[in-house]
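Examination of the molecular architecture
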Amino acid sequence: MLYRTLVSACVNVPVIGQGTWKFGENPATAGQEIEALRFGIAQGMSLLDTAEEYAKGGSERIVGQAIEGMRDEVFLVTKVSARNCSYEGVLQAAEASLERLKTSYIDLYLQHWPSDTYEVAETMEAMAQLVRTGMIKHVGVSNFSVKLMEQAQAALGDIPLACNQVAYHLNDRHIELEIWPYCREHGILVMGYSPFGYAPHVFGKPGFPAAGTPERELLEAIGAKYGKTAYQVALNWAIRLDGLISIPKAVKPEHLLDNVRSIGWELEAEDLERIELAFPR
Ligand SMILES: NC(=O)c1ccc[n+]([C@@H]2O[C@H](COP(=O)([O-])OP(=O)(O)OC[C@H]3O[C@@H](n4cnc5c(N)ncnc54)[C@H](OP(=O)(O)O)[C@@H]3O)[C@@H](O)[C@H]2O)c1
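Here the residue numbers are simple positions, counted from 1 along each chain's written sequence. Where local features are concerned, this predicted model is filtered to residues with pLDDT of at least 70; where side-chain atom pairs are given and counted, the filter is 80 or more; whole-chain, interface and lining totals use all residues.

Observations concerning the overall build of the chain
Scanning the chain from terminus to terminus reveals eleven helices and ten strands. In this treatment the radius of gyration is a C-alpha quantity, and the globule benchmark scales as 2.2 Å times the residue count to the 0.38 power. The C-alpha radius of gyration of the chain comes to 18 Å, within 12% of the 19 Å expected for a compact globule of 281 residues. For the C-alpha atoms alone, the extent of the chain along its principal axes is close to 50 × 40 × 35 Å. Taking all 281 residues of the chain together, the buried fraction comes to 45%. A helix here means a DSSP run of H or I that spans at least four residues, while a strand means a run of E at least two residues long, and both kinds are numbered starting from the N terminus. Neighbour density around each residue's C-beta defines its exposure: 20 or more other C-beta atoms within 10 Å make it buried, 12 or fewer make it exposed, and counts between make it partly exposed, where C-beta atoms are placed from the backbone.

Okay, structure coming up:
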């Protein structure tokens, strides 16, 4: 596994973690999801990303079961929903998450989305209080613009804003313009989500290039050169930037293995150029 640094805390985190959106929705697949997380952790993908929003807490419960007996081996990320971002709401949400996760601390706690109702300052004051009580180790945000990150840091004072979790995949490169450069400058980890474009696809934007399209054929041709799949090429590309990690979600063991094997090799400049032409920023 390769690691990148949570600069604000001098903590190393794996460059590939595990997403858990949709986990906990169906009791029939719970066992498979727990096994997938444990298998992924054993492969080095020990950063787990969940949220109170996912399956109304069901995803956190799955994660809690998966990490039983190995809490110290994982880096746990969860999120407070925008609707719970009042001062009291954040404190209560964190407590409920800890209960579902069956742990006494969260490594990184994120505001899931910007709130239309509550000021960033109010939410961050509650985050700071959670740090002081030891319930969370680090504070982050998700889907935040540069302006909102500035507001968050101003409200946090001495506590560094550790991370911004944002969409990043071949068909959504908007963070390269302002968000990633700002985060690099300020030592904020960028956690790219939906590396295969899965969520944006659900939300109506292009997902992973469909079989038979020129874009997919290009990824497959590049992959053939390295003995990798189109998905592995996409994931390798998605973690090529400094200060950035990715959190693919996978249940199938073959996908988990492919994802681990997406790193430890580098796309050559000519292949990066071909990708640049096919998936322009
Ligand atoms: N902060 C936010 O607002 C936000 C929004 C969206 C997502 N997220 C986080 O980011 C995580 C990842 O994003 P995502 O769930 O949208 O989807 P994703 O990781 O882009 O794609 C997941 C899909 O890709 C498949 N897959 C995984 N590895 C593969 C491989 N090597 N080859 C082929 N197919 C593969 C999975 O299949 P199987 O499951 O069948 O193996 C699943 O269908 C989420 O789970 C969540 O934790 C955060």
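What follows picks up the thread again.
Quick look at unusual backbone geometry
Phi is positive for Asn-143, which is not a glycine, with a value near 60°. Checked against the element boundaries, Asn-143 lands in the loop between β7 (136–142) and α5 (146–156). What makes Asn-143 partly exposed here is the crowd of 17 C-beta atoms within 10 Å. Despite not being glycine, Ser-194 has its phi angle at roughly 50°, a positive value. Inspection of the secondary structure puts Ser-194 in the loop between β9 (189–193) and α7 (198–202). Its 27 C-beta neighbours within 10 Å are what place Ser-194 among the buried residues.

Section: the sheet that holds β9
Where strands meet in a sheet, backbone hydrogen bonds hold them as pairs that are either parallel or antiparallel. When DSSP finds at least two bridges between two strands, those strands are taken to pair. Spatial strand order, β3-β4-β5-β6-β7-β8-β9-β10: eight strands in an open sheet with parallel pairing. Each edge of the sheet is formed by a strand with only one pairing partner; in this case those strands are β3 (18–19) and β10 (244–246). Strand direction decides the pairing type here: strand β4 (residues 47–49) and strand β5 (residues 75–80), joined by three bridges, are parallel. The residue bridging Leu-48 from the neighbouring strand is Leu-76, located in β5.

Quick look at helix α9 (residues 230–238)
Most of α9 is tucked away, with nine of its nine residues classed as buried. Along α9, the positions that sit buried rather than exposed are Ala-230, Tyr-231, Gln-232, Val-233, Ala-234, Leu-235, Asn-236, Trp-237 and Ala-238. We call two residues in contact when their backbone-placed C-beta atoms lie within 7 Å. Check the buried side of α9 and you find it contacts β9, α8 (214–226), β10, α10 (253–260) and α11 (269–278).

What to know about the nonpolar core
In this structure, Ala-94, Tyr-109, Ala-162, Ile-188, Leu-189, Val-190 and Ala-234 are the most contacted members of the largest nonpolar core, which totals 77 residues. Of all the elements, α9 adds the most residues to this core, at seven residues. The term nonpolar core refers to a group of buried residues, namely Ala, Val, Leu, Ile, Met, Phe, Trp, Tyr and Cys, whose C-beta atoms join them within 7 Å.

Some details on the pairing of β5
Both faces of the sheet carry side chains from a regular strand, because those side chains alternate between them. Burial within β5 is extensive, with five of its six residues counted as buried. Call a crossover right-handed when, viewed with both strands pointing away from you, the route from the first strand across the helix to the second goes clockwise. At this point the chain moves from β4, through helix α2 (residues 58–66), to the parallel β5, and the crossover so formed is right-handed. With respect to chirality, the unit in which β5 leads through helix α3 (residues 87–101) into the neighbouring parallel strand β6 (residues 106–111) is right-handed.

Concerning the site of the ligand
In this text, near has one meaning. A residue is near a molecule or strand if its C-beta atom, placed using the backbone, is within 6 Å of it. Close to the ligand lie 25 residues, the nearest being Gly-19, Trp-21, Tyr-193, Tyr-198 and Lys-249. When contributions to the shell around the ligand are tallied by element, the ones reaching two or more residues are α7 and α10. It is α10 that provides the largest number of residues to the shell around the ligand, a total of three residues. Three categories are distinguished: nonpolar for Ala, Val, Leu, Ile, Met, Phe, Trp, Tyr, Cys and Pro, charged for Asp, Glu, Lys and Arg, and polar for the others, with Gly belonging to the last. For the shell around the ligand, the per-class residue count stands at eleven nonpolar, ten polar and four charged.

Re the environment of Gln-151
In this structure, Gln-151 sits in helix α5. The class of Gln-151 is buried, set by 20 C-beta atoms lying within 10 Å. In the structure, Gln-151 is positioned 31 residues away from Val-120 in sequence and 6.6 Å away in space, judged by C-alpha atoms. If near-sequence neighbours (up to four positions away) are discounted, Gln-151 is found in contact with Val-120 and Ala-121.

Quick word on the pairing of β9
Where burial is concerned, most of β9 is hidden: five out of the five residues are buried. Relative to β9, strand β8 (residues 161–167) is paired through five bridges, and the arrangement is parallel. Each residue of the ladder has a partner; that of Gln-165, found in β9, is Met-191. Of the crossover connections in this fold, the one passing from β8 over helix α6 (residues 179–186) to the parallel β9 is right-handed.

Thoughts on the packing of helix α1 (residues 30–42) against α2
Helix-helix packing is characterised by the crossing angle of the two axes and by the distance between the axes. Between α1 and α2, the shortest axis-to-axis distance is 9 Å and the interhelical angle comes to 55°. Taken as axis vectors, α1 and α2 run oblique relative to one another. As for the relative orientation of α1 and α2, their crossing is right-handed in sense. For the pair formed by α1 and α2, the contact residues are Ala-30, Glu-33, Ile-34, Leu-37 and Arg-38 on the first element and Ile-62, Val-63, Gln-65 and Ala-66 on the second. Axis definition: a line fit to C-alpha positions, over the contact stretch in the case of helices; interaxial angles, taken between N-to-C directions, run 0 to 180 degrees. Throughout this description, any angle smaller than 35 degrees is read as roughly parallel, any larger than 145 degrees as roughly antiparallel, any in the 65 to 115 degree range as roughly perpendicular, and the remainder as oblique. By convention the crossing between two helices is left-handed if the near helix lies anticlockwise of the far one by an angle smaller than a right angle, and right-handed if it lies clockwise.

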